[in-house]
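# Inside the fold
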Amino acid sequence: MVNYVCFNKGNGKRIDYHFWNSISENKYEMELVTTNEVGIKAGDKYVICESKSYFYNDSKEYEFTVHGTIENIKLIQKDDKLFKYMLILDVGDFNLTVLLTDIMYSLKSVYNYEKPYLHFNRYYRYLEEDDYNTIVSGNIFFARTVFGHIFNALPVYHKQQYLIELIENSGMNFFENRDYLGAIELLKNYVETVIEQAGIFLIASKRILNELFENKDEIAKIGFADKEGKRADLISVQSARFEKLFAVSRENNIWQTMSSKMKPEDKIQQLFNKRFANIDWPITRGMYGPIY
Amino acid sequence: MDPFISAIKNYAEELKNCAVWHNSREAVGCALDSENYYIYEFYCLMRLLNDLNINYSIKYEAGKDDKRNKFPKGPAPKKDRPYFKLLDKNGALLYQICAGTEIKVKAGEKTDSPDISFQLAESPLDEPSYEHVKLIMDAKYSESKEVSKGSYNDFAMMIKKLDLENAKIINIKYDKLSGVIGNCLISNGKAYTDDVNYISDDALCEMEYFNEEDDFNIIVKKDE
């Protein structure tokens, strides 16, 4: 049986380490030091991920860059604690450019959506065949990806309100079904009527304030605050954020493009749907709390 | 990789910044806790002022200290909060227009907090009572786009408690909003009822579909 392995080519914090040298055009040798014996063997498939940059939440971004076949693996040194292997890697494709955050909602092995890089932090890990093929092909499970990115961008309060609607009013059996298209439809409706609509009102309010009053410095400081007048939220600042959101949404025609990507007759999407039928919804509490 | 994926990630990043306030980190939304519509309420106030600006002039009073320029997110005492002055074209102060101010009701010690209140020029800047208030408006945002019976009754009761059943004698010269007479229940979607006798009995008029997309409609009983 073929194993599928993901090697992390970066700085590790464990004693596992490796180096990677070109020995001919399509062949590389790699040293792998581990604390336990590995089950990797010749003929296994591998993919390499590299630390790329920082993405949101200060979480690291990984990129899958190379994949191919392991041509040979030899245990070259062994002492009390360490196993040192030398691998010969056949490089199939050098031009893989798949970002982990692009593909994470299409991978069964990812469930930490805030810090997905933690799943690939070790020098090597085994992958399921499905996940390996997804990475190498760059195929995306569009519905789950759209749902995951948008849902997980919301603060806890909105997540809760949306989920209550989804569970109580959508007619979907939330715990049994993974109807991502239905869930997205409801999510779109929630975002538009509750969040984006607030932005439309804020932008209009800012416009009128600026039309009515001369003193622009004072007007820019108008906002809302709690009973004590603490933690003021300024209309000018938040409406500027919404203007940016609407610009991104218009520019990319987000919601319309979405439906064209998620045609029910698409074979790849059907396959993903089947594969993820028993995998949990990609929902996570997130960092904003406690209630709002 | 499909450019649509980076577009979605971009959109999600911007949405993340929008969905919580930049400073308090509280959620931003039109209908929070089902009774918290302060963003829509403020928008309604702005549209009202914009309309009144044609026949009157409007002055902004910023308030002071910690509460300067800070409108309340919910019912709050008037003290130190910002408000607007409605002046005639000669500069004489006609009304104070306040947002979310707590007002002492006619009987008993409780207060009511209409979203918008027209208060007399001499209304005190700390604790106004029903005697200082001449006309009130309330704004209801509903995702389902229809004012509920409960919301309607809350406003009708507020009018009674603040003794404002005569608010229609106050003559305000609106421009595009002409048609609004007396106390007004404003909503983003459909009004609770279009039965003018029913609402007249509660001394109010309704303004429905009041938002950026639709043309609003005023439901009011005209005097014979």
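Reference entry: report on the structure contained in this document. Source: prediction; values computed, not measured. (Residues numbered from 1 in each chain as written. Chains lettered and ligands numbered in written order. Predicted model: local features only at pLDDT ≥ 70, side-chain atom pairs only at ≥ 80, totals over all residues. Heavy atoms only, no water.)

Relative to the helices and strands, Pro116(A) resides in the loop between α1 (100-103) and β8 (124-127). Sequence separation between Pro116(A) and Leu100(A) is 16 residues, and the spatial gap between their C-alpha atoms is 7.5 Å. (Helix = DSSP H or I, 4+ residues; strand = E, 2+ residues; numbered from the N terminus.)

Next up on the list: the environment of Leu186(A). All names here are of chain A. Relative to the elements of secondary structure, Leu 186 occurs in helix α5 (residues 180-212). Each C-alpha atom, one on Leu 186 and one on Leu 166, is 7.1 Å from the other, the two residues being 20 residues apart in sequence. Excluding its chain neighbours within four sequence positions, the residues that come into contact with Leu 186 are Tyr 162, Glu 165, Leu 166 and Ser 170. (Contact = heavy atoms within 4.5 Å.)

Turning our eyes to something else, we now look at the pairing of strand β7 (residues 116-120) of chain B. Within a regular beta strand, the side chains point alternately toward one face of the sheet and then the other, so they alternate between its two faces. Residue and element names in this part refer to chain B. For β7, the tally of buried residues reaches four of five residues, placing the bulk of the element in the interior. Two elements, strand β4 (residues 93-99) and β7, share five bridges in a ladder whose sense is antiparallel. When the sheet's bridge partners are listed, Gln 96 is paired in β7 with Gln 119. (Buried < 20%, exposed > 50% of the residue type's maximum accessible area, 1.4 Å probe, protein only. Pairing = 2+ DSSP bridges.)

What follows covers the packing of aromatic side chains. What the rule picks out here adds up to 42 aromatic pairs over all chains. Between Phe174(A) and Trp281(A), the aromatic rings sit 5.3 Å apart at their centres with planes inclined by 5°, giving stacked as the arrangement. Of the two residues, Phe174(A) is situated in the loop between α4 (156-169) and α5 and Trp281(A) in the segment after α9 (267-275); the sequence distance between them amounts to 107 residues. Pair check on accessibility: Phe174(A) and Trp281(A) agree, each one buried. Seen in terms of ring centroids, Tyr43(B) and Phe210(B) are 6.3 Å apart; in terms of plane orientation they differ by 50°. Their pairing is tilted. Residue Tyr43(B) is located in helix α2 (residues 38-52), and its partner Phe210(B) is located in the loop between β10 (204-208) and β11 (217-219); the two are separated by 167 residues in the primary sequence. Overall, Phe210(B) belongs to the buried group, its relative accessible area being 1%. (Phe/Tyr/Trp six-rings, centres within 6.5 Å; stacked < 30°, edge-to-face > 60°.)

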